[in-house]
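# Examining the three-dimensional arrangement
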Protein chains: 2
Amino acid sequence: MNAEIIAVGSELLLGQIVNSNARFISQQLAGIGINVYFHTVVGDNPDRLRSAIEIAEKRSNLIIFTGGLGPTKDDLTKETIARHIGKKLVMDQEALESIELYFKKGNRVMTENNKKQALVLEGSMILPNHHGMAPGMMVENGNCIYMLLPGPPKEMEPMFLQFGTAALSKQVKEDEKIVSRVLRYFGIGEASLETEIDDLIEQQTNPTIAPLAADGECTLRLTAKHQDIMVANSMIDEIEQKINSRVGQFCYGYDNTSLMAELMKVLNEKQLTVSAAESLTGGLFQQEITSFPGTSSVYKGGVVCYTNEVKKEVLKVKEETIEKYGVVSVECAKELAENVASLVSTDIGISFTGVAGPTELEGKPVGTVFIGISIKGKQTVVHELLLGGTREANRTRSVKYGCYYLIELLQESQKA
Amino acid sequence: MNAEIIAVGSELLLGQIVNSNARFISQQLAGIGINVYFHTVVGDNPDRLRSAIEIAEKRSNLIIFTGGLGPTKDDLTKETIARHIGKKLVMDQEALESIELYFKKGNRVMTENNKKQALVLEGSMILPNHHGMAPGMMVENGNCIYMLLPGPPKEMEPMFLQFGTAALSKQVKEDEKIVSRVLRYFGIGEASLETEIDDLIEQQTNPTIAPLAADGECTLRLTAKHQDIMVANSMIDEIEQKINSRVGQFCYGYDNTSLMAELMKVLNEKQLTVSAAESLTGGLFQQEITSFPGTSSVYKGGVVCYTNEVKKEVLKVKEETIEKYGVVSVECAKELAENVASLVSTDIGISFTGVAGPTELEGKPVGTVFIGISIKGKQTVVHELLLGGTREANRTRSVKYGCYYLIELLQESQKA
């Protein structure tokens, strides 16, 4: 099965947004063994869309459309496909009810044009939208499968994961299964990681090893092909062992996990509570930890101590500590971690203080960061970092390092 | 002139990277009045690349290629185009010297395959690469202009800005410039917004009006074409006035601004300081406000009061308030806002308490949110919301509503 992804939307052609949907869908299709040979972007124009469909039909037998399913008049993907393949648009009662409910829940009045979103291609399989209004759909015609997905990534991604991949997996011929596993690394650069396992990457054709770096982390995607999924999996196990006998100390998890998710697991296992004092990170650590539902068993709260006054008045950092060492210091990080744990009554206190940028602070260069971790009032460790990124990258990486150090400390204390 | 952007690279089709080059070039082309009607992505495969070129030649008279100019065997953009349009590849002496210098500077030995990068299409105009090795080039053949650019954004972007846009501007007939403006709306749904201005959208061909919804906000993109940029701008002014005479109360800004950026402006103007008490948003408001450099003049800090204990112990919410009304209540939001302002000594305190989901709390449904705003200890208002989204959407929208209400309040107090 050869796929093509057609993104519909003039905002893409004007460069207002990037086509992240094509990337997301391509990744998912690779995972289930479907080749993607072309991406196309076309504007909200029925003639040009129609010509793009005609071209795609000649070279692909799966066409996935994103965008143009909304309520407004320039949303015309469904209408254009319907006319092109000679199918009617019919009202889907379930989708309509779900849209009505969406408005009721939001306490808003539903305008008439919203009903257009519940129109679907006759005979299509519906992909429910649990994060928005317009449903997706899949329909076969001639030699070609057409899948229509909404444009907003927040709606499209969960829909495709929950319903799209399953529907497509059934269509893939039974000859070869593709199994893929992502290994996640932190604390090692992409080039170093690649140098360590260069010979393995060179030798491998099945499984393949594909390195990628993003947001201060590295991943290795291992992909094996075999008729038997069990065999494919054990091929991946084998190469993973070879790789991690060399760089396993940096490997923290698999697939879609994150350092924060791994930290949550350890905290839950050990039934430990944590609080945070955040200066340069400004709430980012706390925002991430509370993004998981049911956090309150391990996370209680904390303080964003952006200014020195808040450090002194709310978190009781000593005047002389700040005068003598500054707020970007081991000593300040230590007091912040200890004092937030005692203020909020938690087992662990973690603190972030440093220079996010763009300008230096207290004569310390941008990227200087101190992370303090206080455990049960007994032990406090402070890590110093010198990061070299933008303000945003320095904040994001500080939080990742915080998670990494805390996981490490809790796992060490287990071994001891 | 109608342009198409063809990105060459299998890593794009595997979803390993996103096609940010197409976005960047599209933005630049819009700025110099060149329409982009299609983006195409094709892998490192000469047959499929050739077929993509043939299709592009039929519908576009400017084709911009990115990628496939490097030293390795799978870099074949130049070779494929040369064969297709019947032009030779010739060694460019300047490019070769620049590549040799590149290796000398880096103290590395130049391998033979690097010379391939200095081969250029006969008769083409060279676009020097000041950030890498492979030069770009532009050549005319038949009715079509072919521009070839390197794939890495760090090389392509400066090359295109310095040499590409100038070369293309000369080609553009002096007939039309494109001017675009984005109006940003909050507190009104996409469908309602469109209903209000439906007749204007219908009537307009120049400027055009294109609605788009994302992350709980709506935008309208106004695009005008005219020989004279001043005239194009005043055409946009005129239609903006018509639109905002109907829905102006929901319009909060232009182009790439955000509600938080607008809030920062107002706070800076009025020299007011703010602190936050965050329960369901868990630090998101504070993380966003501190993402701007130099926030400390208006933002001092705050508390993430995720559990009831922290609300009581750190923020002194009265025991009886929680017992009688619960934490998801007007009363709790009011005390949180007032008490955080007094704890952190700021002019304004803002609080977020509610049910992010996925499960209800205190018998109140998911999406129930109370936002308290206390100003100078004199006035406290509490807004109640009933949002209908996921945990993540409810948190994000709560923060946006918080910014929106606070901006509104500060602007009203000015009028009064």
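## Observations concerning the overall build of chain A
Secondary structure summary: chain A contains 15 helices and 17 strands in total. Here the C-alpha coordinates of chain A stretch approximately 80 × 60 × 40 Å along the principal axes. For chain A, the share of sequence-separated contacts (at least 6 apart) that also reach a separation of at least 24 residues comes to 66%. Per element, the accessible surface of chain A, about 17,700 Å² overall, is 48% carbon and sulfur. With 42 positive and 53 negative side-chain charges, chain A shows a separation of 4 Å between the mean positions of the two kinds.

## A closer look at helix α2 (residues 20-31) of chain B
Residues and elements named next belong to chain B. For α2, spanning 12 residues, the distance from its first C-alpha to its last is 17 Å, which sits close to the expected 16 Å at 1.5 Å a residue. Of the positions making up α2, those classed as buried are Asn21, Ala22, Phe24, Ile25, Ser26, Leu29 and Ala30. Just downstream of α2, Gly33 is the residue with a positive phi angle, here 80 degrees.

## Considering the sheet that holds strand β7 (residues 136-141) of chain B
Read from one edge to the other, the open sheet built from 12 strands follows the order β6(A)-β7(A)-β8(A)-β3(A)-β1(A)-β2(A)-β2(B)-β1(B)-β3(B)-β8(B)-β7(B)-β6(B), with strand pairing classed as mixed. Looking at the sheet topology across the chains shown, the edges are occupied by β6 (125-127) of chain A together with β6 (125-127) of chain B. For this sheet, the mean angle separating the axes of adjacent strands, direction not counted, is 15 degrees. As paired strands, strand β3 (residues 62-66) of chain A and strand β8 (residues 144-149) of chain A are joined by five bridges and run parallel to one another. Among the inter-strand pairings, A:Phe65 is bridged to a residue of β8(A), identified as A:Leu148. With respect to the sheet, helix α4 (residues 77-85) of chain B is in contact with β1 (2-8), β3 (62-66), β7 and β8 (144-149) of chain B, its orientation differing from that of β8(B) by roughly 160 degrees.

## A word on a negative patch on the surface
All names here are of chain A. Side chains of Glu190, Glu194, Asp198 and Glu202 sit close together on the surface and give a patch of like negative charge. Of all the elements in the fold, those that place two or more residues in the negative patch are α7 (190-196) and α8 (198-203). When you line up the elements, Glu190 lands in helix α7.

## Some points on helix α3 (residues 46-59) of chain B
Residue and element names in this part refer to chain B. For α3, built from 14 residues, the straight-helix expectation of 20 Å at 1.5 Å per residue is met to within 8% by its first-to-last C-alpha distance of 20 Å. The complete set of buried residues in α3 reads Leu49, Ala52, Ile53, Ile55 and Ala56. Buried residues of α3, seen end-on, are gathered within an arc of 165 degrees and therefore sit on one face of the element. Within α3, the exposed residues directed more than 90 degrees away from the buried face are Asp47 and Lys58.

## So, the pairing of strand β7 (residues 136-141) of chain A
All names here are of chain A. Both β6 and β7 contribute to a ladder of three bridges, which runs antiparallel. Looking across to β7, one finds that Ile126 is bridged to Met137. Count of turn residues in the β7/β8 antiparallel hairpin: two residues, of which Gly142 carries a positive phi of about 60 degrees.

## Considering the environment of B:Ala3
All names here are of chain B. Within the secondary structure, Ala3 is located in strand β1. Spatially, the C-alpha atoms of Ala3 and Met133 are 26 Å apart, while their sequence positions differ by 130 residues. Setting aside residues no more than four positions away along its own chain, Ala3 makes contact with Leu29, Ile34, Asn35, Val36, Tyr37, Phe38, Ser60 and Leu62.

## Some details on the side chain of B:Arg221
By secondary structure assignment, the location of B:Arg221 is in strand β11 (residues 217-226). No salt bridge forms around the buried B:Arg221; measuring N to O, its nearest opposite-charge neighbour A:Glu11 is 4.3 Å away. Of the polar contacts made by the side chain of B:Arg221, one reaches the side chain of A:Gln16; its length is 3.0 Å. Excluding residues within four positions of it along the chain, B:Arg221 makes contact with A:Ser10, A:Glu11, A:Leu14, A:Gln16, B:Ser180, B:Arg181, B:Val182, B:Thr208, B:Ile209 and B:Ala210.

## Re the interface of chain A and chain B
Each partner contributes residues to the interface: chain A has 76 residues there, and chain B has 79 residues. Taken together, the two surfaces of chain A and chain B that pack against each other cover about 6,000 Å², and 57% of this comes from carbon and sulfur. At the junction of chain A and chain B, the tally comes to four salt bridges. Of the charged contacts, one joins A:Lys300 and B:Glu309 as a salt bridge, the two residues approaching to 3.5 Å between their closest N and O atoms. For the interface between chain A and chain B, the tally reads 35 residue pairs in polar contact (both at pLDDT 80 or more). Across the side of chain A that touches chain B, the residue classes break down as 30 nonpolar, 32 polar and 14 charged. Pairing geometry for strand β14 (residues 299-305) of chain A and strand β14 (residues 299-305) of chain B, over five bridges, is antiparallel. Within β14(B), the residue paired with A:Cys305 across the bridge is B:Gly301.

## What to know about unusual backbone geometry
The peptide bond linking A:Asn206 to A:Pro207 adopts the cis configuration, its omega dihedral lying at 5 degrees. Cis geometry marks the peptide bond from B:Gly357 to B:Pro358, where omega comes out at 10 degrees. The topology assignment puts B:Pro358 in the loop between β15 (348-354) and β16 (368-375). For B:Gln271, which is not glycine, the phi dihedral falls at a positive 50 degrees. Topologically, B:Gln271 is positioned in the loop between α9 (259-270) and β13 (274-278).

## A few points about the side chain of A:Gln286
By secondary structure assignment, the location of A:Gln286 is in helix α11 (residues 284-289). Separated by 2.9 Å, the side chains of A:Gln286 and A:Glu278 make a polar contact.

## A word on the pattern of salt bridges
Going through the model one piece at a time under the given rule, you end up with 30 salt bridges over all chains. In this structure, A:Arg184 engages A:Glu217 in a salt bridge whose closest nitrogen and oxygen atoms are separated by 3.7 Å. One end of the pair, A:Arg184, is in strand β9 (residues 177-185); the other, A:Glu217, is in strand β11 (residues 217-226), with 33 residues separating them in the sequence. On the basis of relative accessible area, A:Arg184 is assigned to the buried category, the value being 18%. Salt-bridge contacts for B:Lys400 lead to B:Glu217; the nearest nitrogen and oxygen are separated by 2.8 Å. Residue B:Lys400 is located in helix α14 (residues 391-415), and its partner B:Glu217 is located in strand β11; the two are separated by 183 residues in the primary sequence. No difference in accessibility class separates B:Lys400 from B:Glu217, as the two residues are buried. Bridged by salt links that share partners, the residues A:Lys73, B:Asp198 and B:Glu202 form one connected network.

## Here we look at the environment of B:Leu14
Along the chain, B:Leu14 falls in the loop between α1 (10-13) and α2. On the basis of relative accessible area, B:Leu14 is assigned to the partly exposed category, the value being 44%. Separated by 29 residues in sequence, B:Leu14 and B:Gly43 place their C-alpha atoms 9.2 Å apart. If we skip the residues at most four places from it in the chain, B:Leu14 touches A:Ser26, A:Gln27 and A:Ala30.

## Describing the packing of aromatic side chains
For the structure shown, the criterion picks out 11 aromatic pairs over all chains. Residues B:Phe186 and B:Tyr401 carry aromatic rings whose centres are separated by 4.7 Å and whose planes lie at 65 degrees to one another, so their mutual orientation is edge-to-face. With B:Phe186 in strand β9 (residues 177-186) and B:Tyr401 in helix α14, this pair connects stretches of sequence that are 215 residues apart. Three or more aromatic residues link up through ring pairs in this structure, and these residues are A:Phe186, A:Tyr401, A:Tyr404 and A:Tyr405. One cation-aromatic arrangement involves A:Arg59 over A:Phe38; the distance from NZ or CZ to the ring centre is 3.6 Å. Cation over ring: B:Arg48 sits above A:Tyr37, and NZ or CZ is 3.7 Å from the ring centre.

Thresholds, definitions, all that
Residues numbered from 1 in each chain as written. Chains lettered and ligands numbered in written order. Predicted model: local features only at pLDDT ≥ 70, side-chain atom pairs only at ≥ 80, totals over all residues. Heavy atoms only, no water. Helix = DSSP H or I, 4+ residues; strand = E, 2+ residues; numbered from the N terminus. Contact = heavy atoms within 4.5 Å. Areas by Shrake-Rupley, 256 points an atom, 1.4 Å probe, with all protein chains shown as cover. Lys, Arg positive; Asp, Glu negative; His and termini not counted. Charge placed at Lys NZ, Arg CZ, Asp CG, Glu CD. Expected span 1.5 Å × (residues − 1). Buried < 20%, exposed > 50% of the residue type's maximum accessible area, 1.4 Å probe, protein only. Pairing = 2+ DSSP bridges. Axes fitted to C-alpha atoms, helices over the stretch in contact; angles between N-to-C directions. Patch = residues over 30% accessible without salt bridge, like charges linked within 9 Å, V, L, I, M, F, W, Y side chains within 5 Å. Salt bridge = Lys/Arg side-chain N within 4 Å of Asp/Glu carboxyl O. Arc of directions from axis to C-beta. Polar contact = N/O pair within 3.5 Å; in protein donor to acceptor, adjacent residues only side chain to side chain. Buried area = accessible area lost by both parts, 1.4 Å probe. Nonpolar A, V, L, I, M, F, W, Y, C, P; charged D, E, K, R; others polar. Phe/Tyr/Trp six-rings, centres within 6.5 Å; stacked < 30°, edge-to-face > 60°. Lys NZ or Arg CZ within 6 Å of the ring centre and 35° of its normal.

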